[in-house]
Amino acid sequence: QSLDVANNQLRELPAALADCPRLKEANFRGNQLKDKRLEKMVNGCQTKAILEYLRAGGRGKGKVESAREDVRKKKREKQQKKDSGDGEQDEVEEASKLLVKVLHVSENPAPLVVKVSPGVKDVRAFIVCCVLKGVNLKPGNALKRFLTMQTKLHEDICEKRTVATIATHNLQLVKAPLTYDVQPPDELKIMPLGRKEIKAKDLLRQLQLEAEEQRKQKKRQNVSGLHRYLQLLDGKDNYPCLVDAEGAVISFPPITNSEKTKIRKETRDLFLEVTSDTSLQICKDVMDTLILKIAELNRSALENREGSGSDVELDAPCGPGNMNVPLVLEQVRVVDTDGNLKVLYPSKTDLATVSSLLTVIR
């Protein structure tokens, strides 16, 4: 259950550690590891995140490196098929893949920037953001399926919000520039989804009372909704929040985001945000998956011909039935208070984990 090999002369960690189901605590600090990302992780991440990293790539390879190898392997296989005359089927498969076109910061006349305050380091250190344009939520139950998809991601890849939390916003209602900050519970005010403006301290108290009432009524131990995530803020003197240019809190992870930027059927452009207190790589992996799932929902809506179609026009290859219009993914820079770049998403190495299902036009 516990392994302490701190301050030794280890150069790498064996992938087999990931196959130790009872290992709960591991201390690898003070070792000069070859994998510099892993070295950073052992100094600041939970054991679970370190084991996931080892599981994903083996001895010292991370998820991104592992994914790169997969991409290279597929390219080699594709070339071999072409050389042997089997390339035609591959081209059909490539054309039917979901498309996302990346708009780089340098090409964007008004790129969105998120400034990070130093205080988040001790509360919820990691944030990754991007803008996704051209989403169609009008057809049938598309919006409901979008919200259900988000809930499933919170349950699965986000491990009940314990490793990461997703927030999705209507871009048109987001007043930039944004600041990722911390505020005391009795000062942080937010208008939660479906509720009136309230202080964070009072919101948590209200949710705890609702949870107790729910338990009594249903005579169950488990509670649902936001009530399940209250314990994630236990013992914190300050709470994390994303604040817009008007000083309004639009996101209060891992609990809720604001009615102010709520997504509706008419929403076409999204501002996406993933936060974590575990690692930056987990934020990126969750964001990769979120973009893939939104692209799948969008394709489904267009193929069912339930909606009004898409008004995004780009010089890009189209799939069967001209359905394959790419979503536009705008890079968002996360900077510190001095303007130094902390994260740019998507970078060249991002979205590799979903490359088998998604074609990214960079």
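As the structure is a computational prediction, the values presented were derived from the model and not from experiment.

### Things to note about the overall build of the protein chain
- In terms of regular secondary structure, the protein chain is built from seven helices and 16 strands.
- Buried positions account for 45% of the 362 residues belonging to the protein chain.
- Counted over contacts in the protein chain with a minimum sequence separation of 6, partners at least 24 positions apart contribute 68%.
- For the protein chain, the computed accessible surface area is about 19,100 Å², with 47% contributed by carbon and sulfur atoms.

### Brief notes about the side chain of Lys284
- You can see Lys284 is positioned in helix H7 (residues 280–303).
- Under the relative-accessibility criterion, Lys284 is labelled buried at 12%.
- At a separation of 3.4 Å, a polar atom in the side chain of Lys284 contacts the side chain of Asp350.
- Contacts of Lys284, omitting those with residues within four sequence positions, involve Val128, Val343, Leu344, Tyr345, Ser347 and Asp350.

### Regarding the state of the cysteines
- All chains considered together, the criterion is met by zero disulfides.
- Distance from the sulfur of Cys130, which forms no disulfide, to the nearest cysteine sulfur (Cys129) is 7.7 Å.

### What to know about the pairing of strand E13 (residues 269–276)
- E13 sits mainly inside the fold: eight of its eight residues count as buried.
- Burial along E13 is two-sided: the face carrying Asp269, Phe271, Glu273 and Thr275 and the face carrying Leu270, Leu272, Val274 and Ser276 are both buried.
- Examined bridge by bridge, strand E5 (residues 126–133) and E13 share eight bridges and lie antiparallel to one another. Bridging from a neighbouring strand, Val131 pairs with Phe271 of E13.
- Relative to E13, strand E6 (residues 165–170) runs antiparallel, the two sharing six bridges. When the bridges of E13 are listed, His169 appears paired with Phe271.

### Some thoughts on unusual backbone geometry
- The amide bond that connects Ala176 to the next residue, Pro177, takes the cis arrangement and shows omega of 0 degrees.
- Of note in this structure, Arg161 is not a glycine but carries a positive phi near 65 degrees.
- Positive phi, close to 75 degrees, is recorded for Leu351, a residue that is not glycine.
- Residue placement: Leu351 occurs in the loop between strand E15 (341–345) and strand E16 (358–361).
- Looking at Leu351, the relative accessible area reads 2%, which means it is buried.

### What about the confidence of the model for the protein chain?
- Residues with a pLDDT of 70 or more make up 81% of the protein chain, whose mean pLDDT is 85.
- pLDDT under 50 marks residues 58–64. Its contacts with residues more than four places away, or in other chains, come to 21 contacts.
- Considering only residues more than four positions removed or in separate chains, one finds that residues 306–322, a stretch of pLDDT under 50, has 31 contacts.

### Re the pairing of strand E3 (residues 98–103)
- The sheet contact formed by E3 and E16 spans four bridges and is parallel. Bridge pairing links Leu99 to Thr359 in E16.
- As defined by bridge partners, E3 adjoins strand E14 (residues 327–335) across four bridges and the pair is classed as parallel. Within E14, the residue paired with Val102 across the bridge is Leu329.

### Let's talk about the pattern of salt bridges
- Tallying each qualifying case throughout the model produces 13 salt bridges.
- Residues Glu52 and Arg55 are paired through a salt bridge, measuring 2.8 Å at the closest nitrogen-oxygen approach. Here Glu52 pairs with Arg55, and both are found in helix H2 (residues 47–57), just three residues apart, close to one helical turn.
- With its nearest N and O atoms 3.8 Å apart, the salt bridge here joins Glu296 to Lys293. Here Glu296 and its partner Lys293 are both found in helix H7, three residues apart, which amounts to about one turn of the helix.

### Brief notes about the nonpolar core
- Ranked by internal contacts, the top residues of the largest apolar core, which has 71 residues, are Val114, Phe271 and Ile291.
- At ten residues, H7 tops the list of elements feeding residues into this core.
- Counting contributing residues, this core receives three or more from each of domain 1 (2–56) and domain 2 (94–304 + 325–360).

### Quick look at helix H6 (residues 200–218)
- With 19 residues, H6 should cover 27 Å at 1.5 Å per step; its first-to-last C-alpha distance of 27 Å lies within 8% of that length.
- Burial in H6 covers these residues: Ala200, Leu203, Leu204, Leu207, Ala211 and Gln214. Along the axis of H6, the buried residues cluster in a sector spanning 95 degrees; they form a single face. Facing away from the buried side of H6 by over 90 degrees, the exposed positions are Leu209, Lys216 and Gln217.

Conventions adopted
- Residues numbered from 1 in each chain as written.
- Predicted model: local features only at pLDDT ≥ 70, side-chain atom pairs only at ≥ 80, totals over all residues.
- Heavy atoms only, no water.
- Helix = DSSP H or I, 4+ residues; strand = E, 2+ residues; numbered from the N terminus.
- Buried < 20%, exposed > 50% of the residue type's maximum accessible area, 1.4 Å probe, protein only.
- Contact = heavy atoms within 4.5 Å.
- Areas by Shrake-Rupley, 256 points an atom, 1.4 Å probe, with all protein chains shown as cover.
- Polar contact = N/O pair within 3.5 Å; in protein donor to acceptor, adjacent residues only side chain to side chain.
- Disulfide = S-S within 2.5 Å.
- Pairing = 2+ DSSP bridges.
- pLDDT = per-residue confidence, 0-100.
- Salt bridge = Lys/Arg side-chain N within 4 Å of Asp/Glu carboxyl O.
- Core = buried A, V, L, I, M, F, W, Y, C linked by side-chain atoms within 4.5 Å.
- Domains from an automatic or database assignment.
- Expected span 1.5 Å × (residues − 1).
- Arc of directions from axis to C-beta.

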